[in-house]
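Overview (structure and organization)
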Amino acid sequence: MTTEQRLERLERENRWMRRIGAVCLAFVAAVFLMGQDKAKDLPDLEVGSLTVRHRAGRASATLTVVDGMPGLLFRDKDGRDRALLGTDDDGTPGLHLMDKDGKERAVLATDADGTPSLMLRDQTGLGRATLRTGAGVSPSLTLSDKNGNPRASLSVDRLGSPSLSLWDKHGKNRATLGTDPKGTPSLDYYDKDGRTRVGLYTNPDGSPHLTLFDAKGTVLWQAPR
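Described in the following lines is the structure provided in the data block. (Residues numbered from 1 in each chain as written. Predicted model: local features only at pLDDT ≥ 70, side-chain atom pairs only at ≥ 80, totals over all residues. Heavy atoms only, no water.)

This brings us to unusual backbone geometry. The omega torsion across Ala-223 and Pro-224 is -5°, close enough to zero to call that bond cis. By the secondary structure assignment, Pro-224 is in the segment after strand S16 (219-223). (Helix = DSSP H or I, 4+ residues; strand = E, 2+ residues; numbered from the N terminus.)

The following block contains the structure:
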């Protein structure tokens, strides 16, 4: 077969392939359009749960009802629950992450007013760190002890002033380090009843000032005078 004959044969084959491709494309488009029309008349699918399985046969995700509310549950290769995406009774969404023992270790959720929060839990299930922010709520990071009691909080108020607050094991604020809107730093110590006993701050000119108070709030001593 000469070169010209081979080229003519390839050209004929290409023309046939283009024709077959056009017919197939037209067929697929027609089936899709017919399906679109029929889909309007199809009933809704209602099931108790819907499970997606891995090609190995194990269940990897399940759309089901958890505690009376819809949720999407993800499992690891050993079939253990590792993540749950769902809603609470009031409709607020949440993402729950579990460790290999099925214990909840992290929760990303929103409050009823839309305020988002991220909580990290220890192995016993107690919240140890919480990050919150939102409209009307100053962004804050709260750290708790092994008993779940808040012990420290880092926050920024609406004016942009940062502060660090320390609490005792009874939840009483005992010290606050912060700055005012102008950036002037201050450090205040409180007694167990929340009364200021020591106040350390700087004046507008940068000079320091220390004040000591009694239980009634009366100044006992200050420097400079």
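Further remarks concern the pattern of salt bridges. On inspection of all chains with the given rule, the structure shows 13 salt bridges. Here Arg-128 ties to Asp-122 by a salt bridge, and the two come within 3.2 Å at their closest N and O atoms. For Asp-168, the salt bridge is made with Arg-174, and the minimal N-O distance between the two is 3.3 Å. According to the relative accessible area criterion, Asp-168 is buried, its value standing at 13%. Through salt bridges that share partners, Asp-76, Asp-78, Arg-80 and Arg-82 make up one connected network. (Salt bridge = Lys/Arg side-chain N within 4 Å of Asp/Glu carboxyl O. Buried < 20%, exposed > 50% of the residue type's maximum accessible area, 1.4 Å probe, protein only.)

Taken together, the side chains of Leu-108, Leu-118, Leu-120, Leu-131, Leu-141, Leu-143, Leu-154, Leu-164, Leu-166 and Leu-177 define a hydrophobic patch exposed on the protein surface, amounting to about 820 Å² of accessible area. Mapped onto the nonpolar patch, the elements with two or more residues apiece are strand S7 (116-121), strand S9 (137-144) and strand S11 (162-167). One can find Leu-177 in strand S12 (residues 173-179). (Patch = residues over 30% accessible without salt bridge, like charges linked within 9 Å, V, L, I, M, F, W, Y side chains within 5 Å. Areas by Shrake-Rupley, 256 points an atom, 1.4 Å probe, with all protein chains shown as cover.)

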